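# Tertiary structure, described
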Amino acid sequence: MIELTAEEDQALRNSIPAMEEAYGIGWFEESEPWDELKTQYPSLQSYSNEELRRVFLAQKPTVVELFTKTPLGPFLVLNGVAWLGGFSWCDTPFHGADACLP
């Protein structure tokens, strides 16, 4: 598999929302979106459509994407607010007796 430079990787990541809007969710299976992507980002022209598709499918989310595009971010924020506010599960009528310290 090919290795993209940081600039090429960022170009590929930045293009995803526009490609999904223009071609639908399965846009990466067609060749036309890849051709358009290569015209928008000349740094990607040296790669074939199949190479770019494989790299796109193998991309892992960045830390920012992990917190903003998955339920993990809101879960941690809400739990952090509850923890900082002093909320305890033991203060509710639904707590289990074994879950709270005496």
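Shown above is the structure to which this text applies.
Here's what I pulled together on the structure shown here.

With that settled, consider the nonpolar core. Leu4, Leu12, Trp27, Trp34 and Phe56 are the most contacted members of the largest nonpolar core, which totals 14 residues. Only α1 (6-23), α2 (31-40) and α3 (49-58) provide two or more residues apiece to this core. Among residues more than four places away in sequence, those in contact with Phe56 are Leu12, Ile16, Trp27, Phe28 and Trp34.

In an α-helix, one turn spans 3.6 residues; hence positions three or four apart end up facing the same way. All of the buried residues in α2 are Pro33, Trp34, Leu37 and Lys38. Along α2, the residues classed as buried sweep out an arc of 140° about the axis, all on the same side. Exposed side chains of α2 directed beyond 90 degrees from the buried face belong to Glu32 and Thr39. On its buried face, α2 is in contact with α1 and α3.

By the element assignment, Ser31 lies in helix α2. Each C-alpha atom, one on Ser31 and one on Ser48, is 9.9 Å from the other, the two residues being 17 residues apart in sequence.

According to the stated counting rule, one finds five salt bridges in the structure shown. Of the charged contacts in the structure, one is a salt bridge between Arg13 and Asp9, with a shortest N-O distance of 3.0 Å. Within this pair, Arg13 and its partner Asp9 are both found in helix α1, separated by four residues, close to a single helical turn. Residue Arg13 is classed as buried on the basis of its relative accessible area of 15%. Between Glu50 and Arg53 there is a salt bridge, and its shortest N-O distance comes to 3.2 Å. Here Glu50 and its partner Arg53 are both found in helix α3, three residues apart, which amounts to about one turn of the helix. Classification of Glu50 as partly exposed rests on a relative accessible area of 35%. Residues joined in a network through salt bridges with shared partners are Glu29, Glu50, Arg53 and Arg54.

What counts and what doesn't
Residues numbered from 1 in each chain as written. Predicted model: local features only at pLDDT ≥ 70, side-chain atom pairs only at ≥ 80, totals over all residues. Heavy atoms only, no water. Core = buried A, V, L, I, M, F, W, Y, C linked by side-chain atoms within 4.5 Å. Buried < 20%, exposed > 50% of the residue type's maximum accessible area, 1.4 Å probe, protein only. Helix = DSSP H or I, 4+ residues; strand = E, 2+ residues; numbered from the N terminus. Contact = heavy atoms within 4.5 Å. Arc of directions from axis to C-beta. Salt bridge = Lys/Arg side-chain N within 4 Å of Asp/Glu carboxyl O.

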